[in-house]
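One-letter residues, chain by chain:
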Amino acid sequence: MRDVIFEEFANSDCYGLIFTYMWAFDQQSDWNYVEHVCDIFRRQGANIYYVELVSPQSIRLQRNATENRLKHKASKRDVEMSNQRLINDDNNYRCVSNDTEIPFENYIKIDNSNLLAEMVAKMIKERFDL
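Everything numeric here is computed off the predicted structure, so don't read it as measured data.

**Considering the packing of helix α3 (residues 57-64) against helix α5 (residues 79-92)**
Closest axis-to-axis distance for the α3/α5 pair is 10 Å, and the angle between their directions is 155°. On the basis of their axis angle, the class for α3 and α5 is roughly antiparallel. Viewed along their axes, α3 and α5 form a crossing whose handedness is right-handed. Seen from α3, the contacting residues are Gln57, Arg60, Leu61 and Asn64; seen from α5, they are Ser82, Asn83, Leu86, Ile87 and Asp90. Class assignment for the residues of the contact of α3 with α5 results in three nonpolar, four polar and two charged.

**Describing the packing of helix α1 (residues 2-10) against helix α2 (residues 28-42)**
Remark: α1 packs on α2, axes separated minimally by 8 Å, with the N-to-C direction vectors making an angle of 25°. With respect to α2, the axis of α1 lies roughly parallel. Across from Arg2, Asp3, Phe6, Glu7, Phe9 and Ala10 in α1, the residues of α2 making contact are Tyr33, His36, Val37, Ile40 and Phe41. Each residue belonging to the contact of α1 with α2 can be placed in one class, and the counts come to seven nonpolar, one polar and three charged.

**Structural notes on a nonpolar patch on the surface**
A surface patch of nonpolar side chains, amounting to about 390 Å² of accessible area, comprises Tyr15, Tyr49 and Leu130. Along the chain, tyrosine 15 falls in the loop between α1 and α2. Among the residues examined, tyrosine 15 registers a relative accessible area of 78% and is labelled exposed.

**With respect to the pairing of strand β1 (residues 50-54)**
Taking every second residue as pointing to the same face, the buried face of β1 carries Tyr50, Glu52 and Val54, while none of Val51 and Leu53 on the other face is buried. Strand direction decides the pairing type here: β1 and strand β2 (residues 107-111), joined by five bridges, are parallel. Bridging from a neighbouring strand, valine 51 pairs with isoleucine 108 of β2.

**So, the pattern of salt bridges**
A full pass over the atoms with the stated rule returns five salt bridges. As a salt-bridge pair, arginine 42 and aspartate 39 come within 2.9 Å of each other at their nearest N and O atoms. Of the two residues, arginine 42 and aspartate 39 are both situated in helix α2; the distance of three residues between them amounts to about one turn of the helix. Where salt bridges share partners, they join Glu35, Asp39 and Arg42 into one cluster.

**Focus on the nonpolar core**
Grouped together as the largest cluster of nonpolar side chains are 14 residues, with contacts concentrated most on Phe41 and Tyr50. Looking at this core, the elements that each hand over two or more residues are α1 and α2. Counting residues per element, this core draws most heavily on α2, at six residues. If we ignore the near neighbours within four places in the chain, the residues touching phenylalanine 41 are Phe6, Phe9, Ala10, Leu17, Ala46 and Ile48. Counting residues in each nonpolar core, the second largest holds five residues, with Ile110, Val120, Ile124 and Phe128 among its members.

**Things to note about the environment of isoleucine 124**
Tracing the backbone shows isoleucine 124 in helix α6 (residues 117-127). Spatially, the C-alpha atoms of isoleucine 124 and tyrosine 49 are 9.3 Å apart, while their sequence positions differ by 75 residues. For isoleucine 124, the contacting residues outside a window of four places in its chain are Val51, Ile110 and Leu130.

So, how was this worked out
- Residues numbered from 1 in each chain as written.
- Predicted model: local features only at pLDDT ≥ 70, side-chain atom pairs only at ≥ 80, totals over all residues.
- Heavy atoms only, no water.
- Axes fitted to C-alpha atoms, helices over the stretch in contact; angles between N-to-C directions.
- Helix = DSSP H or I, 4+ residues; strand = E, 2+ residues; numbered from the N terminus.
- Parallel < 35°, antiparallel > 145°, perpendicular 65-115°, else oblique.
- Left-handed = near helix turned anticlockwise from the far one by under 90°.
- Contact = heavy atoms within 4.5 Å.
- Nonpolar A, V, L, I, M, F, W, Y, C, P; charged D, E, K, R; others polar.
- Patch = residues over 30% accessible without salt bridge, like charges linked within 9 Å, V, L, I, M, F, W, Y side chains within 5 Å.
- Areas by Shrake-Rupley, 256 points an atom, 1.4 Å probe, with all protein chains shown as cover.
- Salt bridge = Lys/Arg side-chain N within 4 Å of Asp/Glu carboxyl O.
- Buried < 20%, exposed > 50% of the residue type's maximum accessible area, 1.4 Å probe, protein only.
- Pairing = 2+ DSSP bridges.
- Core = buried A, V, L, I, M, F, W, Y, C linked by side-chain atoms within 4.5 Å.

These values are about where atoms sit, not about what they do.
Take a look at the structure:
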């Protein structure tokens, strides 16, 4: 389903698309998928920017049950199941990149543990001159 959305958006006159992806850096299939998605947009001449947001599991679990997240992400509404999925992903995959692992020019890694979303957005905007 995502591919259909990406293809349609890439072929539109719309400006900019932001999407999230839980990237298992220790899984080649995830690297391949990210490359596949990027190719959809590269074919249309798009610039691609990579933002890795990191914070400890305890903070992510707290955020997982906030009113805003529950309102906008149906997959999070079963909080117990969603929390268990987050914990399982952390236990089964390496979900944070190693230093110098990401080879992309347009990349930033931000520890957003103690940052408001507005501050993170400002940091991203400034880093990429958006």
